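Chain and residue survey
Chain by chain, the residues:
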Amino acid sequence: MPELKSPAASDDSLLPEGAASSRPWLIWLVGAAACGTLVLVVTHLTEEEEFLRLLNQINVSWLVLALLLQSGTYILQGIVWRVVVSAGGQVLSLGKSFELSLAMLFVDQALPSGGISGVAVVSGALSRLGMPRAVVASAVLVDVALYHLAYASCMAVALGVTLYHAYLPGWVNAAMLVFLLVELGVVAFLIYLPSGGLNWVKTRLQRFTKLTRLLQWVEHAPAGSFKNHRVLLLAFVMHALIFVLDAATIWVAARALGVTSSLGGVFASFMVSNLFRTIGIIPGGLGTFETASVMALKSIGMPLSVGLSATLLFRGLSFWLPMIPGLICSRRLLRNRRD
């Protein structure tokens, strides 16, 4: 069977132009400076002995549990890829799906492109495995749509929690509501995209080169991509669980520091932090996520020192620790794509 080529699989221009320049490193430095400033401010507002006490009382068992929870997020994302390609009659091994998850995470965090770069790498890898263009396009479309639907659903739950307990100021609640509505609009757009009835929207998006290329790619998805309700339900549940496991990791990190917090409050604070990470331009929300997380955790009653420590532990497990294996996996996939 001849190898099928696609824009995502054969054209490196889908990856941000900054990947080959020094510009991303400047953004990384800005994010690192923001994180450093946050740490200095919080340590200035609290006693240094408090941080030493927290470090001395860390419960390793809880940290191991936090690591297992984070590992579960990659397994769940891998299951999503297996499920969505199975709808097209294709088989993806668990090991390969796990590799795709790590590579997608690394590329999305290293190159700020709204998730387009990670999708490009995954779609290229699936094409290299010999999967038909229509199947890959459908898998990518369903995965992205159900991710945004799960994001909107979790944000709605978080908004309900913050309103009920009055955790956050009104402008933050308003931002959550606006973001929720935008996410639902994205889902509706992706669902109707294969039907060809949204050409006027695509025309307005043509000035965004990378987004236009991605839309041209997923246009090859068949019109019935969203008719398999079992696949849609499984993908939605897996994506929603990923958000839950991430929030649970922060709760467990705080528990490792000897502090027990409200599960609902931690979940709401995580979703707010994730919102600011998403709308930021710095890779992985470096600096913006940490600041929003510390402030949101403080709003639910968590001490600043604990909020900062729990946030840094979470980022260490979810952002920094997977970078090396993610880099290895992405380099392997990109190298194979160019062979």
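Here the structure is a predicted model, which means the values were calculated and not measured.

1. Brief notes about the overall build of the protein chain
Along its length, the protein chain carries 15 helices and 0 strands. The proportion of buried residues among the 339 residues of the protein chain is 51%. Looking at the protein chain alone, contacts between residues at least 24 apart form 78% of all its contacts between residues at least 6 apart. Counting every atom, the protein chain has about 15,600 Å² of accessible surface; 67% of that belongs to carbon and sulfur.

2. What to know about the pattern of salt bridges
Evaluated as defined, the whole model comprises 2 salt bridges. Among the salt bridges present, the one from lysine 96 reaches glutamate 99, with a minimum N-O distance of 3.1 Å. Here lysine 96 pairs with glutamate 99, and both are found in helix H5 (residues 94–110), just 3 residues apart, close to one helical turn. In this structure glutamate 99 comes out as buried when scored by relative accessible area, which is 10%.

3. A few points about a nonpolar patch on the surface
Taken together, Val60, Val64, Leu65 and Leu68 make up a surface patch of nonpolar side chains, about 350 Å² in accessible area. Position of valine 64 among the secondary structure elements: in helix H4 (residues 60–86). Of the residues examined, valine 64 reaches a relative accessible area of 43% and is grouped as partly exposed.

4. Looking at the environment of serine 273
Among the secondary structure elements, serine 273 is positioned in helix H12 (residues 263–279). Taking relative accessible area as the criterion, serine 273 reaches 0% and is therefore assigned buried. Separated by 24 residues in the primary sequence, serine 273 and leucine 297 place their C-alpha atoms 9.5 Å from one another. Contact partners of serine 273, with chain neighbours within four places excluded, come to Phe289, Ala292, Ser293 and Ala296.

5. Brief notes about the side chain of glutamate 290
Within the secondary structure layout, glutamate 290 lies in helix H13 (residues 288–299). Here arginine 315 takes part through its side chain, which lies 2.7 Å from a polar atom of the side chain of glutamate 290.

6. Description of the packing of aromatic side chains
Taken as a whole and judged by the stated rule, the model has 11 aromatic pairs. Among the aromatic residues, those joined into a ring-pair cluster are Tyr147, Tyr151, Phe179 and Phe243. Above the face of the phenylalanine 319 ring, arginine 315 is positioned so that its terminal group lies 4.7 Å from the ring centre.

7. A closer look at the nonpolar core
Nonpolar side chains in soluble globular proteins generally cluster together in the buried interior. Within the largest apolar cluster, 84 residues are counted, with the highest numbers of intra-cluster contacts made by Trp81, Val84, Leu126, Met155, Met176, Phe270 and Met271. A per-element tally of this core places helix H7 (residues 133–165) first, with 16 residues. Look past the residues within four positions of methionine 271 in its chain and what remains in contact with it is Tyr151, Cys154, Met155, Ala158 and Phe243.

8. A few points about the environment of phenylalanine 319
Its place among the elements puts phenylalanine 319 in helix H14 (residues 304–320). Phenylalanine 319 gets classed as buried once you look at its relative accessible area, which sits at 0%. Residues phenylalanine 319 and phenylalanine 106 lie 213 residues apart in sequence; the distance between their C-alpha atoms is 8.6 Å.

9. A closer look at the environment of proline 222
With respect to the helices and strands, the residue proline 222 is situated in the loop between helix H10 (209–218) and helix H11 (229–256). Residue class for proline 222 comes out partly exposed when judged on its relative accessible area of 38%. C-alpha separation for the pair proline 222 and proline 194, spaced 28 residues apart in sequence, amounts to 6.3 Å. Residue contacts for proline 222: discarding those within four places in its chain leaves Ala134, Ser138 and Pro194.

10. Comments concerning the confidence of the model for the protein chain
Per-chain confidence: the protein chain averages 79 in pLDDT, with 73% of residues scoring 70 or above. No element of the protein chain has a lower mean pLDDT than helix H1 (residues 7–10), at 38, and none a higher one than H11, at 96. Taken as a whole, residues 1–22 scores under 50 in pLDDT and shows 51 contacts with residues more than four places along the chain or in a different chain.

11. Details of unusual backbone geometry
For alanine 166, which is not glycine, the phi torsion reads 55° and is therefore positive. Along the chain, the position of alanine 166 falls in the loop between H7 and helix H8 (170–192).

The rules behind each value
Once a new chain begins, its residue numbering starts again from 1 and follows that chain's sequence as written. Reporting in this predicted model follows two pLDDT cut-offs: at least 70 for local features of residues, and 80 or more for side-chain atom pairs to be given and counted; totals over whole chains, interfaces and linings ignore these cut-offs and use all residues. Side-chain metrics in this entry use all non-hydrogen atoms of the structure; hydrogen atoms and water are not considered. Comment: elements are numbered from the N terminus, with helices defined as DSSP H or I runs of at least four residues and strands as E runs of at least two. Between buried and exposed lies partly exposed: a residue is buried under 20% and exposed over 50% of the maximum accessible area for its type, with that area taken using a 1.4 Å probe on protein chains only. In what follows, a contact means two residues having at least one pair of non-hydrogen atoms within 4.5 Å. Only the protein chains shown count as cover for residues, and all accessible areas are computed by the Shrake-Rupley method using a 1.4 Å probe. Within this document, salt bridges are pairs made up of a side-chain nitrogen of Lys or Arg and a carboxyl oxygen of Asp or Glu, the two lying within 4 Å of each other. Each patch is built from salt-bridge-free residues with over 30% relative accessible area, joining like charges within 9 Å and nonpolar side chains (Val, Leu, Ile, Met, Phe, Trp, Tyr) within 5 Å. N or O atoms closer than or at 3.5 Å make up a polar contact, with two conditions inside protein: a donor-capable atom paired with an acceptor-capable one, and, for residues adjacent in sequence, both atoms drawn from side chains. Each Phe, Tyr or Trp ring, with Trp reduced to its six-membered ring, pairs with another whose centre is within 6.5 Å; inter-plane angles below 30 degrees give stacked pairs, above 60 give edge-to-face pairs, and intermediate values give tilted ones. Criterion for a charge above a ring: Arg CZ or Lys NZ at most 6 Å from the ring centre, at most 35 degrees from the ring normal. Definition of nonpolar core: a set of buried residues of the types Ala, Val, Leu, Ile, Met, Phe, Trp, Tyr and Cys, connected through side-chain atoms within 4.5 Å. Note on scores: pLDDT gives the predictor's confidence for each residue, bounded by 0 and 100.

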